[in-house]
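The primary structure of each chain is shown beneath.
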Amino acid sequence: MNLMGLQGGQYSPLSTEQVETVHQASLKILEKIGITYEEGLDETVQMLEDNGAGIDRDRSNITFPQEMIVELAAKAPEKVVLCGQESKHDLHLTEDRVHLGTGGAALKILDLESGNARPTTLKDLYDVSRLVDQLDNIHFLVKPCVTTDVALEDYNINWFYTCLSASSKHVMSGVNDEKGLLDVIEMASMICGGLDQLQKRPFISIITCFAISPLKLCTQSTRIMQEANRNRIPVVLSSAPMAGSTSPLTMAGTLAQLHAEQLAGIAICQLTHPGAPLLYGGIPGMANLKTMGYLGGAVECGMMNAAIHQLANHIKVPNYNSAG
């Protein structure tokens, strides 16, 4: 049985009133507190100022009128299709449909011959991607491991080429810089017969870790995000606050901060290119207060990730988050 597009949304930790409470708190955060930014985002900051945002350049701080955020969030597509190289693998992201993919960026793999953990290689990436291609209930491919045997400047083009060679399912990954993104777009355009064809059926998407929690824009990832917007390549707006460390300890506080970060990212995308396809990419976590380590399997993580779908649905955009 293929579980692609299985109906989700059955577990809703937040009531309708609580969703609205978190949403309103996030709007107030952006209006009263705002977000900060790293150096190198002058054009982005000017774009925001020209469209009504408040800019304090001495404090590197941006505030957003509530009506500005609401208007721009409404421009984000309610439905996004992440295409495969074969149409049977197209993912129609809308309503409560659920699609499962791999996770990314493992640095080691358990070698099946020696039984020992060792650094991952380009061949491992190819082998795992081939496996994903044959598994009916893995519906898209997020680069599952880092190619430690490839030079840093050659990362992006090699891992996208490897994934696209091994699987005809949708491939999603981050890139290191704008040049890497443009190289990947050029290669993908060659595969499908031109940039216009890629834009019609985007079989790649880019994970952009634009937010440094709490409430700060990352220069490199924001620039990558905007370049993908201009080329109409779908982006995942990844922000990953850790409750008790980079966000409030309470789940409500973490959700309000994360939702504010997502709304700011959505606003930037829609100003960069109205209608830019995007996924609300909240992945909230928890900190172990004894060690300050990450608790990826804490029950609160599951609850907050379920709540993320409710918050994304509230503003009518599809979402990406963590599970399992």
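In the block above lies the structure referred to throughout.
Keep in mind it's a predicted model, so treat the numbers as computed, not measured. (Residues numbered from 1 in each chain as written. Predicted model: local features only at pLDDT ≥ 70, side-chain atom pairs only at ≥ 80, totals over all residues. Heavy atoms only, no water.)

Describing the overall build of the chain
Of regular secondary structure, the chain possesses ten helices and 18 strands. Whereas a compact globule of 324 residues would reach a radius of gyration of roughly 20 Å, the chain reaches 19 Å, a difference of no more than 12%. Taken along the three principal axes of its C-alpha coordinates, the chain extends 55 × 45 × 35 Å. By the burial criterion, 50% of the 324 residues in the chain qualify as buried. Taking the intrachain contacts of the chain between residues at least 6 apart in sequence as the baseline, contacts between residues at least 24 apart amount to 71%. (Helix = DSSP H or I, 4+ residues; strand = E, 2+ residues; numbered from the N terminus. Rg over C-alpha atoms; globule rule 2.2 N^0.38 Å. Buried < 20%, exposed > 50% of the residue type's maximum accessible area, 1.4 Å probe, protein only. Contact = heavy atoms within 4.5 Å.)

Thoughts on helix α2 (residues 42–50)
Of the positions making up α2, those classed as buried are T44, V45, M47 and L48. All buried residues of α2 project into a common sector of 160° when viewed along the axis, lining one side. Looking at α2, the residues exposed on the side facing more than 90 degrees away from the buried face are D42, E43 and D50. Its buried side turned inward, α2 meets β2 (35–37), β3 (54–56), β4 (61–63), α3 (66–73), α8 (219–230) and α9 (251–272). Downstream of α2 by one or two residues, G52 has phi in the positive range, about 110°. (Arc of directions from axis to C-beta.)

Things to note about the packing of aromatic side chains
On inspection of all chains with the given rule, the structure shows one aromatic pair. Seen in terms of ring centroids, Y155 and W159 are 5.2 Å apart; in terms of plane orientation they differ by 45°. Their pairing is tilted. Separated by four residues within a single helix, Y155 and W159 lie in helix α5 (residues 155–166), roughly one turn from each other. Looking at Y155, the relative accessible area reads 15%, which means it is buried. (Phe/Tyr/Trp six-rings, centres within 6.5 Å; stacked < 30°, edge-to-face > 60°.)

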